[in-house]
Amino acid sequence: MIVEPKVREFICTTAHPEGCRENVKRQIAYVKEKGQVCGPKKVLVIGASTGYGLASRITAAFACQAATIGIMFEKPSNGKRTATPGWYNTAAFEELAQEEGLYAKSINGDAFSAEVKQQAIDMIRADLGQVDMVIYSLAAPRRTTADNKTWSSTLKTTTGAFTEKSLDLRNNTIVTKTVEPANEEELEGTIKVMGGEDWMDWMDALTDAGVLADHAVTVAYSYIGPELTYPIYTEGTIGQAKKHLTETAGRIHEKHPGIQAYISVNKALVTQASAAIPIVPLYFAILYKVMKEQGTHEGCIEQISRLFHDKLFAAEIPTDPQGRIRMDDWELAPQVQGAVMDCWKEVNTENVEKLSDIEGYWEDFYHMFGFHLDNVDYSRDVEIQVEIPSLV
Ligand code: NAI
């Protein structure tokens, strides 16, 4: 089949298998170029198929030579529709890891469920004995808890309505967008889905099963961002969930003193999860322009490679007063934020291409789905039914 992008606002409904493979290859090449890290050897990545989780799996495997088990929630192709990008990424990752003699297996299912936790435990026990690192990188719209109740995550404010400039992704115009406040149930739902309860459940389950090494490290990802987006992010429903996630790091450490639990506050990047947040994409596009001009722009792989090299496995782990690792240090640098705010005040439909890196935003967006890569021949027929070696 000849696969073309089909974009609807902030989602692309097709993915290109060879483009996704190229993305994975490029990330592996980056990690290899940066050199080895004396880090974990057996790693469980929850949310391993795209974005920060995929970059974490690639870094663990190719910088630390770690065996990896990846958990994801992706759709294979049915022969007519393509698979989701995370499916193709994982197929490519497993193949490329195995070519280098690295153990790599994946579980495709709902990470929130007890069944998937048990499958992961059985796989660790049978193949690896124990894991010494657990990366928690889930971004999910909903979660069904053990009592069979389904909770939904919402991107709303927790104070009043918030009105700001926003980028209309359908036609690249600047519009004004109002985000409404959440009700109690929406706030509770977001905390249930994106807070730390499930991270704690994973750590309890792995510890109880004896498949977590003494002194294992676990890390979950968070975001803070600039004051401009506080009402919609940090002080919004998602921010309350991230607050719960951050508190959970402390709770994990209290309950399981051997485990080192960290929050890494990462940089704003275009991923499937973040493209859906209102107002934020315009900030991203301006941020990209400023950071590229100042030479500090990073993608997921650059962020996670730096996390492993300079922070998590450095002689001493640098943290802020709240104990968090700050990978958003370059994003929040005063010279970056000052320039971003100057552009934000001025930006309108006429000057958006000059004041923001809207092209870079869209390039990252297309790349996520395996499109717009210069060395992939998109006019060629490709097989869309691709197998993931460990799931056959
Ligand atoms: P993403 O959408 O690229 O990745 C989400 C991953 O979770 C995928 O592997 C997906 O298959 C998996 N997943 C979703 N629901 C699942 C389920 N029920 N069971 C099993 N796997 C499931 O998202 P992204 O952006 O990489 O986010 C990962 C984490 O990083 C999130 O906690 C997010 O808040 C955080 N983060 C993201 C930032 C950004 O700008 N993208 C910035 C800072 C933190």
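Residues numbered from 1 in each chain as written. Predicted model: local features only at pLDDT ≥ 70, side-chain atom pairs only at ≥ 80, totals over all residues. Heavy atoms only, no water.

With an unreviewed UniProt entry as reference, the protein is termed Trans-2-enoyl-CoA reductase [NADH], source organism Blautia caccae. The protein has a UniProt comment under Catalytic activity (unreviewed entry) that states "a 2,3-saturated acyl-CoA + NAD(+) = a (2E)-enoyl-CoA + NADH + H(+)". The UniProt entry for the protein carries the following text under Pathway (unreviewed entry): "Lipid metabolism; fatty acid biosynthesis." (UniProt positions renumbered as here; feature names shortened; annotations may be inferred.)

**Q** Tell me about the sheet that holds strand 3 (residues 42-46), and name the residues and values.
**A** Read across the sheet, seven strands follow the order 5-4-3-6-11-12-13 without closing on themselves; strand pairing throughout is parallel. One side of each edge strand has no neighbouring strand; the edge strands of this open sheet are strand 5 (104-108) and strand 13 (325-326). The strands that helix 4 (residues 114-128) touches are strand 3, strand 4 (67-72), strand 5 and strand 6 (131-136); relative to strand 5, the one it contacts most, it runs at about 165°. (Pairing = 2+ DSSP bridges. Helix = DSSP H or I, 4+ residues; strand = E, 2+ residues; numbered from the N terminus. Contact = heavy atoms within 4.5 Å. Axes fitted to C-alpha atoms, helices over the stretch in contact; angles between N-to-C directions.)

**Q** Go over the UniProt feature "domain: Trans-2-enoyl-CoA reductase-like NAD(P)H binding" (unreviewed entry) in the protein, please, and point to the residues and values.
**A** On the UniProt side, "domain: Trans-2-enoyl-CoA reductase-like NAD(P)H binding" (unreviewed entry) is annotated at positions that read residues 2-78 here. Along residues 2-78, the helical share is 42% and the strand share 19%, with 15 Å between the first and last C-alpha atoms.

**Q** An account of the UniProt feature "site: Plays an important role in discriminating NADH against NADPH" (unreviewed entry) in the protein is needed here, citing residue identities and associated values.
**A** Under the UniProt annotation, "site: Plays an important role in discriminating NADH against NADPH" (unreviewed entry) lies at E74. With respect to the helices, strands and loops of the structure, E74 is situated in the loop between strand 4 and helix 3 (85-99). Each residue touching E74, except ones within four places of it in the same chain, is listed here: S49, T50, T84, G86, W87 and N108. A polar contact is formed between the side chain of E74 and the side chain of S49, at a distance of 2.6 Å. (Polar contact = N/O pair within 3.5 Å; in protein donor to acceptor, adjacent residues only side chain to side chain.)

**Q** Before we move on, can you summarise the nonpolar core with the specific residues and values?
**A** Counting residues in each nonpolar core, the largest one holds 132 residues, and the members touching the most others are L44, W199 and W202. Broken down by element, the residue count for this core peaks at ten residues, all from helix 8 (residues 280-294). Among residues more than four places away in sequence, those in contact with W202 are L44, I46, I71, A111, V116, K117, A120 and Y136. (Core = buried A, V, L, I, M, F, W, Y, C linked by side-chain atoms within 4.5 Å. Buried < 20%, exposed > 50% of the residue type's maximum accessible area, 1.4 Å probe, protein only.)

**Q** Residue-level account of the site of the ligand, with values.
**A** What surrounds the ligand is a group of 30 residues, the closest being S49, A111, K242, L269 and T271. Measuring from an oxygen atom of the ligand, one finds a backbone N or O atom of A48 at 3.5 Å. For the ligand, an oxygen atom lies 3.2 Å from a polar atom in the backbone of L138. Across the complex, the protein chains shield 93% of the 840 Å² of accessible surface that the ligand would expose by itself. (Near = heavy atom within 4 Å. Areas by Shrake-Rupley, 256 points an atom, 1.4 Å probe, with all protein chains shown as cover.)

**Q** Please give an account of the packing of aromatic side chains that cites residues and values.
**A** What characterises a pair of aromatic rings is the spacing of the ring centres plus the angle enclosed by the ring planes. Under the counting rule described, the total for this entry stands at twelve aromatic pairs. Ring centres of Y52 and Y221 lie 5.8 Å apart, and the angle between their planes is 55°; this geometry places the pair in the tilted category. A residue pair is termed long-range when its members are at least 10 positions apart, and Y52 in helix 2 (residues 51-64) and Y221 in strand 11 (residues 212-222) qualify at 169 residues. Neither Y52 nor Y221 differs from the other in exposure class; each is buried. (Phe/Tyr/Trp six-rings, centres within 6.5 Å; stacked < 30°, edge-to-face > 60°.)

**Q** Account for a positive patch on the surface, with residues named and values stated.
**A** A surface patch of positive charge is lined by K6, R8, K75 and R81. Assignment of secondary structure puts K6 in the segment before strand 1 (7-8). What makes K6 exposed here is its relative accessible area of 55%. (Patch = residues over 30% accessible without salt bridge, like charges linked within 9 Å, V, L, I, M, F, W, Y side chains within 5 Å. Salt bridge = Lys/Arg side-chain N within 4 Å of Asp/Glu carboxyl O. Lys, Arg positive; Asp, Glu negative; His and termini not counted. Charge placed at Lys NZ, Arg CZ, Asp CG, Glu CD.)

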